[in-house]
Amino acid sequence: MFSSVIIAPISESLAVTGFSEKAKTYRAGEKVIIIAEYSENVYNSSAGTLTSSTVPVLEIRFGTSTTTRKATFSSVNGNQITYEYTIASGDNGVLAVSSYSGTVYDNVLNSRSISRTSFLNNEITITADTTAPTLTSLAVSSPVQGTYKAGETVTIEAEYDEKVYGYDSGISSRVAPELKIKFGSSEERTVSRFYYTGSKIVYEYTIASGDDGSLAVNSYSGTVSDSIGNSRSISRSSFLNNSKTISADTTAPTLTSLAVSSPTGGTYKAGEKVTIVAEYSESVFDSNAGTLTSSTAPELKIKFGWFGEFGEEKIATFIESKEGRYLVYEYTIASGDNGDLYGTSYCGEVYDQVENKATIEKDGFTDTYTNWIVADTTAPSVTFSPNGNTTP
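Residues numbered from 1 in each chain as written. Predicted model: local features only at pLDDT ≥ 70, side-chain atom pairs only at ≥ 80, totals over all residues. Heavy atoms only, no water.

Colleague: What's the story with the confidence of the model for the chain in this structure? I'm lost.
Modeller: As a note on interpretation, predicted positions should not be read in detail where pLDDT is low. Summary statistics for the chain give a mean pLDDT of 89 and a share of 92% for residues scoring 70 or more. For residues 1-20, every residue scores under 50 in pLDDT, and the model assigns this stretch 54 contacts once sequence neighbours within four places are set aside. (pLDDT = per-residue confidence, 0-100. Contact = heavy atoms within 4.5 Å.)

Colleague: Which parts of the structure should I look at to understand the packing of aromatic side chains?
Modeller: Any pair of aromatic rings gets described here by the distance separating the centres and the angle formed by the planes. This model, assessed by the stated rule, comprises eleven aromatic pairs. Judged by centre distance (5.8 Å) and plane angle (90°), the rings of Tyr 203 and Tyr 220 are edge-to-face. Here Tyr 203 is found in strand β19 (residues 200-206), whereas its partner Tyr 220 is found in strand β20 (residues 213-225), with 17 residues between them in sequence. By the burial criterion, Tyr 203 is buried, and Tyr 220 matches it. Between Phe 310 and Tyr 342, the ring centres sit 5.3 Å apart and the planes meet at 85°, which makes this aromatic pair edge-to-face. Note that Phe 310 is positioned in strand β27 (residues 309-310) and Tyr 342 in strand β31 (residues 339-351), a separation of 32 residues in sequence. Taken together, the ring pairs in this structure connect Phe 194, Tyr 196, Tyr 203 and Tyr 220 into an aromatic cluster. The ring centre of Phe 310 lies 4.5 Å from the NZ or CZ of Lys 303, which sits over that ring. (Phe/Tyr/Trp six-rings, centres within 6.5 Å; stacked < 30°, edge-to-face > 60°. Helix = DSSP H or I, 4+ residues; strand = E, 2+ residues; numbered from the N terminus. Buried < 20%, exposed > 50% of the residue type's maximum accessible area, 1.4 Å probe, protein only. Lys NZ or Arg CZ within 6 Å of the ring centre and 35° of its normal.)

Colleague: Would you mind going over unusual backbone geometry with me for this structure?
Modeller: Among all residues except glycine, the phi angle is most often negative; among peptide bonds, the trans geometry is most common. Look at the link from Ser 142 to Pro 143: it is a cis peptide, with omega at 5°. You can see Pro 143 is positioned in the loop between β11 (135-142) and β12 (146-148). In the segment running from Ser 262 into Pro 263, the intervening peptide bond is cis, with an omega of 0°. The phi angle at Asn 241 is positive, at roughly 55°, despite the residue not being glycine. With respect to the secondary-structure elements, Asn 241 resides in the loop between β21 (231-236) and β22 (246-248). Overall, the relative accessible area of 58% leaves Asn 241 in the exposed class. The backbone of Ala 289 shows a phi angle near 65°, a positive value even though the residue is not glycine.

Colleague: Just to check I follow, could you spell out the sheet that holds strand β13 (residues 153-160) for this structure?
Modeller: Two modes of strand pairing occur in sheets, parallel and antiparallel, and in both the strands are linked by backbone hydrogen bonds. The strand order across the open sheet formed by four strands is β11-β13-β19-β18, and the pairing between neighbours is antiparallel. The open sheet terminates on both sides in strands that have one partner only, identified here as β11 and β18 (193-197). When strand polarity is set aside, the average angle formed by the axes of neighbouring strands in this sheet is 20°. Sheet topology note: the β13/β19 ladder contains seven bridges and is antiparallel. Its bridge partner being in β19, Val 154 is matched across the sheet by Tyr 205. (Pairing = 2+ DSSP bridges. Axes fitted to C-alpha atoms, helices over the stretch in contact; angles between N-to-C directions.)

Colleague: Explanation requested: the sheet that holds strand β30 (residues 326-332) in the structure shown.
Modeller: Here we have four strands laid out as an open sheet, ordered β23-β25-β30-β29, and antiparallel in their pairing. The open sheet has two edge strands with one neighbour each: β23 (255-262) and β29 (317-322). Strand-to-strand twist of the sheet, defined as the mean angle between neighbouring strand axes without regard to direction, takes the value 20°. Looking at chain direction, β29 and β30 are connected through five bridges and run antiparallel. For Lys 322, the partnering residue across the bridge sits in β30 and is Tyr 326.

Written out as structure tokens, the structure is:
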């Protein structure tokens, strides 16, 4: 009577150490041994030794696949018939018997027709995994979408469809595919910090001076493996399923112009206003990313005079921040202001939206000729000469 079909790993080392696991996963190229055990010694119809052409045929399958695989007859030893199967590419899932059929005889030719569609008294579950990990996402996980300055960290996660490891002549958590990124047209950067967590490889990059522009992946390349050594070579030159746009801004604002905007060049009397505008390379704010006010805007000092003789230094009044980039100042010409208008100092601190700080120390206007302003607050005087003529 047919009594059982049992299964054992082929690994000699596992056999030597006393393999006791109830489940095992194998990859392509590894062998599975299946033994059909009977209640007595079995033979062919002539009481001779069973051969590949006379033993019952064993067909197996993996997982939900309907494709059957024929196990190879290996040997017969008394009441045991041994079959072998080498796992092939495409075999994935738990091993099952599709059919085991044929006829065996005892030594006096009592025959038994065998027909089964499952294991019998099997205690070990064998699973085939011949599929390498697949990259499903390469995307920014933090921070939130926005613009960031030097010193802030960007986290990029490479996610796979199963738990992964690095592969360097073997499974390893000390190596990972190399991720190279860049911001705008800035220099390419290699992300050197990484760690594994389940099906993800997490990369961390700290924004450095010189990183300016939108974040992009230049290359992501290397080899990953699953837990049993199915490896896949990865090669990408862009994000995959990324929903966040991250930009770096590590450049502080610069003052591009400090000049009179109105009135037009000419001579003006007391009571008339002069408007001076400081223009920057980008929008500027106070240290809390707030709108600049008279107490936080750089201070503009001016004076009037000529030929090396100047009047008292005056402070222009800050009026407003216009369109972010333009700081508007006004000065009302006062009695005693006479001569050409000069900017004597423009000093203070401004910040961009990510708080890159610019310290402003400017002497003089950047353009003194377009609107050349002269103040004349002195009325004409009359003097009398000894001959009785008046001289204005």
